[in-house]
Amino acid sequence: WRVILVYSLPFFLYILYLAFSKNKTFLKHTEVIKKEISPFLNPYMIFIFLSIGVDIFIVRKYLELVIFVLSCLWIIGISAYQLKSHHSFKCALTFLILCPIFIFANMDWVAEKCAIWVYLFLTMGTIHAIIEIKSGESQRLRNFFAAISNFKKYTKISSKSVHDTTKF
């Protein structure tokens, strides 16, 4: 970890310099970044990413059940929040960039787990892209995804009812 910290410190200092300088172009880029990150900042997606992070960095065993459950949760999340397939591809690209960093830091098992998640996100993104193309053509698929997107409404209702019962 010290190696990663030492070599990435100039990058972080440069980012801090850009953030606190009066540079207008950096502010435009931060708005674009906020727009791209905002779908991932809801509690459900944060929970999924934290779980994937625990799987990658803490758990050393390859547990297929955990990977399967987290993949299913990701699929439910992209369906419920109506995310596009490019979000899965961006997650895959992020983990793909992390792979060589962990290999250089002699953390091969973390790099292997990142590679597993790259493959899963690429697979899910490809299937999602095919479904996006086909759903434009089929009314039946549009109705199916509309029913899945109602999942978000049910979670809001159930969380409100929990808060209402605690008032008594």
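As the structure is a prediction and not an experimental result, all values here were calculated from the model. Every residue gets a number counted from 1 within its own chain, in the order that chain's sequence is written. The predicted origin of the model limits local features to residues at a pLDDT of at least 70 and limits the giving and counting of side-chain atom pairs to 80 or more, whereas totals for whole chains, interfaces and linings rest on all residues. As a convention, hydrogens and water are excluded, and side-chain values are obtained from all of the structure's heavy atoms.

## Regarding the packing of helix 3 (residues 43–57) against helix 6 (residues 108–135)
Here is the rule: Axes here refer to lines fitted to C-alpha atoms; in helices the fit is confined to the stretch in contact. Angles between the N-to-C directions go from 0 to 180 degrees. Labels follow the DSSP assignment, with helices taken as runs of H or I lasting at least four residues and strands as runs of E lasting at least two, numbered in each case from the N terminus. Throughout this description, any angle smaller than 35 degrees is read as roughly parallel, any larger than 145 degrees as roughly antiparallel, any in the 65 to 115 degree range as roughly perpendicular, and the remainder as oblique. The contact definition used throughout considers only heavy atoms, calling two residues in contact when any of these lie within 4.5 Å. Classification convention: Asp, Glu, Lys, Arg as charged; Ala, Val, Leu, Ile, Met, Phe, Trp, Tyr, Cys, Pro as nonpolar; all other residues, Gly among them, as polar.
Look at helix 3 against helix 6: their axes get within 8 Å of each other, and the N-to-C directions meet at 140°. One way to sum up the angle between helix 3 and helix 6 is to call them oblique. Residues Ile52, Asp55, Ile56 and Phe57 of helix 3 form the contact with helix 6, whose participating residues are Trp109, Val110, Lys113, Cys114, Trp117 and Phe121. Across the contact of helix 3 with helix 6, the residue classes tally to eight nonpolar, no polar and two charged.

## Points about the packing of helix 5 (residues 85–104) against helix 6
Rules: Crossing handedness is defined as follows: a turn of the near helix away from the far one that is anticlockwise and smaller than a right angle gives a left-handed crossing, while the clockwise case is right-handed.
Taken N-terminus to C-terminus, the directions of helix 5 and helix 6 make an angle of 165°; their axes are 8 Å apart at the nearest point. One way to sum up the angle between helix 5 and helix 6 is to call them roughly antiparallel. At the point where helix 5 passes helix 6, the crossing takes the left-handed sense. Among the residues making up the contact of helix 5 with helix 6, the classes are represented as 18 nonpolar, five polar and two charged.

## Section: the packing of aromatic side chains
Here is the rule we go by: Pairing of aromatic side chains here covers Phe, Tyr and the six-membered ring of Trp, requires ring centres within 6.5 Å, and sorts the geometry by plane angle: under 30 degrees stacked, over 60 edge-to-face, intermediate tilted. For the exposure calls, accessible area comes from a 1.4 Å probe over protein chains only, and a residue counts as buried if that area is under 20% of its type's maximum, exposed if over 50%, partly exposed in between.
Evaluation of the coordinates by the stated rule reveals six aromatic pairs. Relative to Phe121, the ring of Trp74 has its centre 5.1 Å away and its plane inclined at 85°; by these criteria the two rings are edge-to-face. Of this pair, Trp74 sits in helix 4 (residues 64–80) while Phe121 sits in helix 6, placing them 47 residues apart in sequence. Judged by its relative accessible area of 0%, Trp74 is buried. For the pair Trp117 and Phe121, a centre-to-centre distance of 5.9 Å together with 40° between the ring planes defines the contact as tilted. Linking Trp117 with Phe121, this pair stays in helix 6, spanning four residues, or about one helical turn. One aromatic cluster in this structure is built from Phe49, Trp74, Phe95, Trp117 and Phe121.

## Quick notes on unusual backbone geometry
Positive phi outside glycine occurs at Gln82, with the angle close to 50°. Within the secondary structure, Gln82 sits in the loop between helix 4 and helix 5. We classify Gln82 as exposed; its relative accessible area is 54%. Phi at Asn106 is positive, roughly 60°, even though this residue is not glycine. Checked against the element boundaries, Asn106 lands in the loop between helix 5 and helix 6.

## Observations regarding the side chain of Ser88
Structurally, Ser88 is set in helix 5. When near neighbours in sequence (up to four residues on either side) are disregarded, Ser88 contacts Trp74, Ile78, Phe121 and Gly125.

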